[in-house]
Amino acid sequence: MSLLSTLARLQAVRSGVAQPLATVRHRHLSERPFVLVPLAAAGETGAPLAVLLGQDRQHPRLLTVPQPLDRDLRFAFLARVGDELLPYLESFGGDVELLERSVKDPESGEKTVEVRELCADAPQLVVPNPGGVELLGLFGRSTRFRRTAEDPDPGPYPAPARVPLLGRWLTHVSDRANVPGSSMLLPLTTTLARHWATGQSSLEDAHLGALLAWISPPEGGRGEEAALRAENGRDERGQLLVPPAGPATDPDFDSLLLAPAITRYDAARAAQDERLTQARAEEIDALLGAVLLPVWHQVWQGLDLLRTLPPGAHVADRWESDRWSYTGHRDRVAAGEPPQPLHDDAVTAARRLAQREREQVRVDLEEALDDPLAMAEHRLAGQAFAGEVVEVQPAYDTSGRSPKPRPLVTVRTEDRPHLDPGGEAHRAGGPASQKAQLVELDAEAGLLTLRLLNGMGRKKEPEPGTVPEPGEQVCFTLFELAPRQSAPLPDPEDTPWTHGGPPK
Amino acid sequence: MTTPSPSSPATSTPTSTPTPTPGEQADAAVAAILAAALHGGERGTVVDSPPGAGKSTLVVRAARELVATGERLMIVAQTNSQVDDLVDRLAEADPALAVGRLHGSDALPSEIAMRHPGVVASTKVGDLRELPVVVSTAAKWQWVKETDPWRHAIVDEAYQMRSDALLAVARLFERALFVGDPGQLDPFSIVGTDDWAGQHHDPSQSAVVTLLAHNPGIVPHRLPVSWRLPASAAPLVSDAFYPFTPFRAGTEPGDRRLELGPPTTASGTTLEQAADEVLDVAAESGWGLLELPARLTVRTDPEAVAAVAAVVARLLARGGTAHSERGSAPVDADRIAVGTAHRDQAAAVRGALAALGVTGVTVDTANRLQGREYDVTVVLHPLSGRPDATAFHLETGRLCVLASRHRHACIVVTRAGIPELLDAHPSTEPVQLGVVSKFPDGWEANHAVLEHLRRFRVPVR
Amino acid sequence: MNHSTHPRVDQPLTPLEARLTALRGGAAARSMDARALAALAANPGCDRRAVLDAAGVDKAALAARLGSPAAFGQSPFAITRGLVFERRLRAERCTELAALLRRELLPEEAAQLPVAVPDLLAAEGPAVRAARTRTALVEAVSDAAAGRAWTLLDRPLLRLEVAGSAVSLEPDAIVIGPDERWTVVEIKSFPILDGGADPAKVGAAARQAAVYVLALRATAMALDPAATTTAGNAAGAGATPHAATASSASGADEAGRSEQGPSAPASDVVSARPAGLPVSPYAEPAGLAAAVRTTGLLVCPRDFSNAAVAAPLDLRKQLAVTRRQLARMTRIETLLAVLPEGARLDEAPGAVDSLAHAYAPDCLAACELAFHCRSQARAAGAVEVLGRGVRGELGSLTTVEAALAATAAGGALARAARLREEALAR
């Protein structure tokens, strides 16, 4: 944790309410998100118990598995999830932008224009926490390879027809959630914790109820007490007042309420009493609905809180990457490509790591550019400085054929950048990307004189507006403001001997 | 920063005992390595080299032998300064050798490399590809487009190279010699890499780990003798950091001697007196531990920084002479380094030294001191004054780098109480199935080193 | 997966044992189970936890009496699932487990060698069970040496001295192979999915297995007639001389070594191997203790199924760490000194507060008493409640109030406060 966020937490302890960690919203929020609150069956890997889902805040849809050990019931459940979710996921595939780019034919070297489709919008799934992301990933893993009755060789336990397709989509969105800055599948606790600092630890922030208790404590109450109630408060039956946001249920709920209900359901089924079985299943629905509905409302409350912040300037750009990702997956499904493999081959793994690293650098940079609180982290760390321009002296580089503008800009700052004369800095928030070199440093007075090196046009005099003026507020970083390009990698079929050769 | 050739004067005395001398051990290892690189049945040869074991000497020698076969050689290093250093060494060793220095447009080669007439620099591989040797960073090699592969490559500091970087450059060569120190800092990623943990080709792990996993026939060679570390340091560093691949010092106790001028400041401050005292201990024994009273502090603990600066200043003021198998030479500022864990600590030490009028001493973080060598090092202990340890501070490679840069003596400056801090540290390290454990454990190594250093303790009162 | 308790057996209690028995109100001592080991790993510096675990106090019950019940329990579904998995492996004298272990641990040429699964008297008290385990180990070694059988010890019981007090340990299984090497087997209910498993859980299993290896080494040394003269050289359990002397109250003066100040730089330090350089922590012991393999075997459900799959665990790091940890632990007697003689936590749970806690948020996932300690830490305004990492940022400022006051005093916190204010003012 950085000193700045530590300070924010300290301030939250004193004030009894969470303190802002961002002045803008750093994640995209869809106009029509699809919320899922999934629960897992305890002890069974990736086995669903229930989910509350939908786009309509007032009318969520509840799906349950009355006996989680029953594989048929599990797949019936996943088929129903697919019925709800797939139409939503697929609904973004039709509305596209057409983008042109010129490409060079590798054989002939001729330039041709390529037209590509980019979906105008993409789906956004919201789950309460990273556990929800992981569970969706497990659903994807357990279903995308399933054979269905439509397969030539359906096997002994064919899954319902659209279940493998759901598995591929869930795999895609949960993979995408690992890409820094993406918003296609948002875990709410992490997203909220990016924007607010509570008076508790980050471990405790993983509890959605406690986190919300700090961000918006009840009227006249303090976050600490509200969070304690959310974590630990129990009713006279020994049940939590604020049910956990999943995917695990409270063990006391399991033992006191759910287990007996499942036992009754099993008995009714064993007696082959269809009406009673149905009634018992509805009892289970009622139990699970009662612990899911509070979380459902918490998720929407969290989204409301996030919407109070204006979006950061680069959020739309990053959402475009999500749209590309969505479009690509849509195309792979349409092209009949096989489901995502269990393990990446060497080249794919390296490509995906490179993508994630690039996106991490990008989101860090963009957040700093969009949000003075994020930039403050770099300023405090000596990696950036901001202040007022106190003097501008025109100067020129006359070494070339025609003189080029290299004006000297003196900035007064209270920051203490780790920058020595000769070192490079990059102007943040300027009209264009602009590099500068520190010429002179007066640490006592907080005065830095920088020579601007580019971004001023091709003429002898700088283009208007490209050089800051005295009195103007400026900010420079010691790091470059664009992520570096990743190096090219071989095609998988050209995997070298050092990495085991081409995949078999 | 030159390492003696494996048959250094100190060990050339013929011996009749069956136990090989360090020089003989090292020569045998190098001969086997060169044979494997040239004619071995495997396309890859791996050499593990502990600190100061003559890795650079090996690289230069291997390069010359590979070139002598008439084949073209490419050399991959990890940083621009490593590349410049290698180019310089190659040209020193063989002024007639034409060496290509491939570089990026924003990273001009250093003057050290370019002072040799045989060295040609270019940003385009096409200008250099017919030269017998071309040297560049992995980052630059990755961008070299389709070309006839080189017959041989040498990959230097291979343990600091990531698997994905090797994946991007491996198409450029047919056979390769990988040389590196497994005990130094691992490569890392700024994002989570659990998705690939335990898989042979995890792109975030070291290139050597991937190579060995895919080529089980490759048995790593080992350079068994450290020519840098003195007899007082090699056993500790070997035990604490290379528990399964031990090495020895190339010199015997008494072969190296650090002679200091008398402590002139009888009237000095307590700190100066303690600094003098710890310098005497270190000159005598090779180690010194200057211990400040226990206190929780911020990273740039002003007292600890002042103590580091005082030790350096007193060392320079007293004037030292380093006697070794290479002869005798004064311990000037350029033979002294200060190592820290964090950049802001290094900056604070630089400031403190400047205030004392000391210039020319290298002050840097462990990351940047990798591969460097000095007569005397002064280390600000990574855990000094901290209320808790973190994975960063416990990383084995960090302490290993800091404790293995010296030829004569290493002085560690710290707050008291680190063993207790370590005792209270949670041992909840995650374990990934299928991932080969990297040894040793950082927590254990920290304890082991401190336990040893306690014997050379000088408290600041 | 062992949560058993057992009645004391009929041996006279040492004064320390008597005190610990009183502390838990005469209730049965809990063995050092996975949860206690996890709590130790999560917070080795906590005196409160150290005493409670050494005494075998039921911390969940204590937390409830203190009015801060633990937040974690295990779902009956998970317990059932774990039990079903284990029971199936152990059914009919461990038929399925033995088949799996045969595949994983035995060379092909031993495929036909019969397996012995001796009765280890699981219903008896710890002293009897420990004695039975020792006998079974001796028999197993001779069976292996004679080529008669390899042996699977199902739920053996080992004793190990931790911080001067003996604790019971119950590994899931131990295999004595035809090569006479011993392997610790850990059965866990978390899945191995596509060859990978939750690293936090695997780490905990590895640390647990490492403790068993140390206990097994100590047991082997006690059984080894040849080892009596060199006992304690490198077996490295808590029972080594190192342990006996290393844990003085301060924990600082190690191994009885006297302070060697600068005035006496030892002349022997320049010998080829400096005297006093400890034996490598990775060195394997000699004698019978060397039979214990440093690679354990983890047995888990595979993917989404109930079928068992095994994975090797390299325990060398955990062994080195655990060995030093155990050797450096403060002795329980020392920690007990702050408690009134004859203190009973069943009658006066508040007595636990005289033991110093070292709360950190990580405790919430590992220790039943965490909510109680958290409320105390919060009341004291300790910065640790915000996370372990926070302390590192704040240095000597250990309370929230002190840290906030420092924002007015210049320095990094003041700069941070200025930057926050400036950014939020926009």
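Reading guide: rules and limits
Residues numbered from 1 in each chain as written. Chains lettered and ligands numbered in written order. Predicted model: local features only at pLDDT ≥ 70, side-chain atom pairs only at ≥ 80, totals over all residues. Heavy atoms only, no water. Contact = heavy atoms within 4.5 Å. Buried area = accessible area lost by both parts, 1.4 Å probe. Salt bridge = Lys/Arg side-chain N within 4 Å of Asp/Glu carboxyl O. Helix = DSSP H or I, 4+ residues; strand = E, 2+ residues; numbered from the N terminus. Nonpolar A, V, L, I, M, F, W, Y, C, P; charged D, E, K, R; others polar. Axes fitted to C-alpha atoms, helices over the stretch in contact; angles between N-to-C directions. Parallel < 35°, antiparallel > 145°, perpendicular 65-115°, else oblique. Left-handed = near helix turned anticlockwise from the far one by under 90°. Polar contact = N/O pair within 3.5 Å; in protein donor to acceptor, adjacent residues only side chain to side chain. Patch = residues over 30% accessible without salt bridge, like charges linked within 9 Å, V, L, I, M, F, W, Y side chains within 5 Å. Areas by Shrake-Rupley, 256 points an atom, 1.4 Å probe, with all protein chains shown as cover. Buried < 20%, exposed > 50% of the residue type's maximum accessible area, 1.4 Å probe, protein only. Domains from an automatic or database assignment. Phe/Tyr/Trp six-rings, centres within 6.5 Å; stacked < 30°, edge-to-face > 60°. Lys NZ or Arg CZ within 6 Å of the ring centre and 35° of its normal.

1. Digging into the interface of chain B and chain A
So, point 1. Taken together, the contact pairs 33 residues of chain B with 30 residues of chain A.
So, point 2. Summing both sides of the interface, chain B and chain A together bury roughly 2500 Å²; the carbon and sulfur share of this comes to 65%.
So, point 3. Looking only at chain B, the three residues that lose the most surface to chain A are B:Trp143, B:Leu167 and B:Trp196, adding up to 26% of its buried area.
So, point 4. Inspection of the region where chain B meets chain A yields four salt bridges.
So, point 5. B:Asp195 serves as the salt-bridge partner of A:Arg356, at 2.7 Å between the closest nitrogen and oxygen.
So, point 6. When contributions to the side of chain B that touches chain A are tallied by element, the ones reaching two or more residues are helix H6 (163–169), strand S7 (173–180), helix H7 (207–214) and helix H11 (343–355) of chain B.
So, point 7. Tallying contributions element by element places H6(B) first for the side of chain B that touches chain A, with five residues.
So, point 8. Its residues assigned to classes, the side of chain B that touches chain A shows 13 nonpolar, twelve polar and eight charged.

2. Digging into the packing of helix H2 (residues 71–90) of chain A against helix H4 (residues 163–176) of chain A
Residue and element names in this part refer to chain A.
So, point 1. The contact between H2 and H4 brings their axes to 9 Å, and the two run at 60 degrees. One way to sum up the angle between H2 and H4 is to call them oblique. H2 and H4 meet at a crossing whose hand is left-handed. Between H2 and H4, the residues in contact are Phe75, Leu78, Ala79, Val81, Gly82, Leu85, Leu86, Leu89 and Glu90 and Val163, Leu165, Leu166, Trp169 and Leu170, respectively.
So, point 2. Looking at the contact of H2 with H4, its residues break down into twelve nonpolar, one polar and one charged.

3. What to know about the side chain of A:His28
Residues and elements named next belong to chain A.
So, point 1. Tracing the backbone shows His28 in the loop between strand S1 (19–20) and strand S2 (34–40).
So, point 2. Looking at His28, its side chain comes within polar contact range of the side chain of Trp319, at 3.5 Å.
So, point 3. Every residue in contact with His28, bar those within four places of it in the chain, is listed here: Gln124, Ser183, Leu186, Val315 and Trp319.

4. A short note on a nonpolar patch on the surface
Residue and element names in this part refer to chain A.
So, point 1. On the surface, Leu98, Val113 and Val115 cluster together into a nonpolar patch covering about 300 Å² of accessible area.
So, point 2. Considering the arrangement of structural elements, one finds Val115 in strand S6 (residues 111–119).
So, point 3. Overall, the relative accessible area of 49% leaves Val115 in the partly exposed class.

5. Structural notes on the domain arrangement of chain C
All names here are of chain C.
So, point 1. Partitioning chain C into domains gives domain 1 (3–72 + 329–390), domain 2 (76–314) and domain 3 (396–425).
So, point 2. The distance between the C-alpha centroids of domain 1 and domain 3 comes to 36 Å.
So, point 3. Facing five residues of domain 1, the contacting portion of domain 3 comprises four residues.
So, point 4. Both faces considered, domain 1 and domain 3 share a buried interface measuring about 280 Å² in area, 63% of it formed by carbon and sulfur atoms.
So, point 5. On inspection of domain 1 and its partner domain 3, the count reaches zero salt bridges.
So, point 6. Across the contact surface, domain 1 and domain 3 share two residue pairs in polar contact (both at pLDDT 80 or more).
So, point 7. Class assignment of the residues belonging to the side of domain 1 that touches domain 3 gives a composition of three nonpolar, one polar and one charged.

6. Things to note about the packing of aromatic side chains
So, point 1. For the structure on display, the rule yields twelve aromatic pairs over all chains.
So, point 2. Their ring planes at 85 degrees and their centres at 6.3 Å tell us that A:Phe92 and A:Tyr326 sit as a pair that is edge-to-face. One end of the pair, A:Phe92, is in the loop between H2 and strand S5 (96–104); the other, A:Tyr326, is in helix H11 (residues 315–334), with 234 residues separating them in the sequence.
So, point 3. Take A:Tyr326: its relative accessible area is 1%, and that puts it in the buried class.
So, point 4. Aromatic ring contacts, followed pair by pair, group A:Phe34, A:Tyr88, A:Phe92, A:Trp169 and A:Tyr326 into a single cluster.
So, point 5. Between B:Arg72 and the ring centre of B:Trp150, over which it is positioned, the NZ or CZ distance is 4.7 Å.
So, point 6. Taking NZ or CZ as reference, B:Arg398 lies 3.6 Å from the ring centre of B:Phe392, over its face.

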